[in-house]
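# What the coordinates show
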Amino acid sequence: MAGKGGDGIVTFDKVKMSLGPTGGRGGNGGNVYFEGVTNLAALNKYRNKKEWWAQDGQLGKGNRSDGKEGEDLILTVPIGTVIHNLNTKEDLDVTKPGEKILVAKGGIGGRGNFYFRSSKNTTPMQAEKGKPGEELELFLELRLIADIGLIGFPNAGKSSLLNELTKAQAKVANYEFTTLEPNLGVMDGVIIADIPGLIEGASTGKGLGIKFLKHIQRTKVLAHCLSLESTDLTGDYKAIRTELKSFDPEMTDKKEIIILTKSDMISDPKILAKKIKEVKKINPNILSVSIHDWESLGKLRENFRKILSENMA
């Protein structure tokens, strides 16, 4: 709810030779804005608190002075949030960090008696009430926006990779579905998202399923993470691609890079070369990476920048 406008007041100048109405306007009520941020946790504050108000405008003052305007209410939401207006059925997208969108306008302050003076009414006793602010019922839906989306099976090393590239501090542990919510990080202005682990059948609701598949729709580039601990890299890749295609065929048309994670787990260079050769048959744009190898992480950063610039060209 936007703030109510302050009421105008009735006052008169008490100074001799200056008698007359001096009641000023009430201050305008505060507006309500939504502002985009990269922090996904920004949505948490709306979980329990359902009603939000901007500040009301203050009463008008004497000496023809306006009342103080109410402070605007600025509500932060992660970029990618869709604001569904349940009153008007209109939708608004928050797509950029720092972007502010006006959703509810504050009420206009009422006029004081100074504004009702006339040659026939030299001592007006009327003043206006302030107008109410706009009141809306909204539904917030997050559809994640990222430059690069890390996808793959659980335990493919996506969260660890995000932490090393962006210092995002995503939760990491050696069991399935450690990541229950998407995590965002920023690498030199590039927004990277760790999409929670997909499994076969995700497009029909299995595992974390459709809840997170929709986030991949807005991602510019897919970074498909395959763990070198797997005994069937090609099978893992095809399984995730099948789920993407089943959910939305257009997702398989996105630019893609394959990242072979946990390369430090392969001690024999010949075995590593064999696995890389196997996956190159699927997609030649491939890198093997270890979070303990700064050189491989540096190459990955450069590859991300290159593929993004090509995607924007």
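Just so it is clear, the model here is predicted, and its values are computed rather than measured. (Residues numbered from 1 in each chain as written. Predicted model: local features only at pLDDT ≥ 70, side-chain atom pairs only at ≥ 80, totals over all residues. Heavy atoms only, no water.)

### With respect to a nonpolar patch on the surface
For clarity, the cut-off: Each patch groups residues whose relative accessible area exceeds 30% and which form no salt bridge, using 9 Å between like charges and 5 Å between nonpolar side chains of Val, Leu, Ile, Met, Phe, Trp and Tyr. Here, Shrake-Rupley sampling with a 1.4 Å probe gives the accessible areas, and only protein chains in the shown set may cover a residue. Between Lys or Arg on one side and Asp or Glu on the other, a salt bridge is scored when a side-chain nitrogen of the former is within 4 Å of a carboxyl oxygen of the latter. For the purposes of this entry, the term helix denotes a DSSP run of H or I that reaches at least four residues, the term strand denotes a run of E that reaches at least two, and both are numbered from the N terminus. Summary of the burial criterion: residues with accessible area below 20% of their type's maximum are buried, those above 50% are exposed, and those between are partly exposed, where the area comes from a 1.4 Å probe applied to protein chains only.
A cluster of nonpolar side chains, contributed by Val 10, Phe 12 and Met 125, occupies part of the molecular surface with about 260 Å² of accessible area. Structurally, Val 10 is set in the segment before strand S1 (12–13). Of the residues examined, Val 10 reaches a relative accessible area of 33% and is grouped as partly exposed.

### Description of the sheet that holds strand S7 (residues 100–104)
The line we're drawing: At least two DSSP bridges between two strands are required for those strands to pair. Axis lines are fitted through C-alpha atoms, for helices just across the contact stretch, and the angle between N-to-C directions can take any value from 0 to 180 degrees.
Across the sheet, three strands lie side by side as S4-S3-S7; this open sheet has mixed pairing. Looking at strand neighbours, the two that pair on one side only are strand S4 (73–78) and S7, the edges of this open sheet. Strand-to-strand twist across the sheet, computed as the mean angle between neighbouring axes with direction ignored, equals 30 degrees. Note: strand S3 (residues 32–37) against S4, six bridges, orientation parallel.

### Quick notes on the sheet that holds strand S8 (residues 138–142)
Strand order in the open sheet made by the three strands is S6-S5-S8, with antiparallel pairing throughout. In this open sheet, the two edge strands, each paired with only one partner strand, are strand S6 (91–93) and S8. The average undirected angle you get between the axes of adjacent strands in this sheet is 20 degrees. Taken together, the five bridges between strand S5 (residues 81–85) and S8 define a ladder with antiparallel strand orientation. Paired with Val 82 across the strands is Glu 141, a residue of S8.

### Let's talk about the pairing of strand S13 (residues 255–261)
Heads up, the rule is: Throughout, right-handed denotes a crossover for which the path from the first strand over the helix to the second runs clockwise when the strands point away from the viewer.
The buried fraction of S13 is high, at six of seven residues. In the sheet, strand S12 (residues 221–227) pairs with S13 via seven bridges, with the strands oriented parallel. Across the sheet, the residue bridging to Val 221 is Lys 255, located in S13. In this view, the connection linking S12 to its parallel neighbour S13 by way of helix H3 (residues 233–247) has right-handed handedness. Bridge count between S13 and strand S14 (residues 286–288): three bridges; the pairing is parallel. Pairing of Ile 258 across the sheet is with Ile 286, part of S14.

### Things to note about helix H1 (residues 158–166)
For H1, the tally of buried residues reaches eight of nine residues, placing the bulk of the element in the interior. By the burial criterion, the buried members of H1 are Lys 158, Ser 159, Ser 160, Leu 161, Leu 162, Asn 163, Leu 165 and Thr 166. Trailing H1 by a residue or two, Lys 167 shows a phi angle of about 60 degrees, which is positive.

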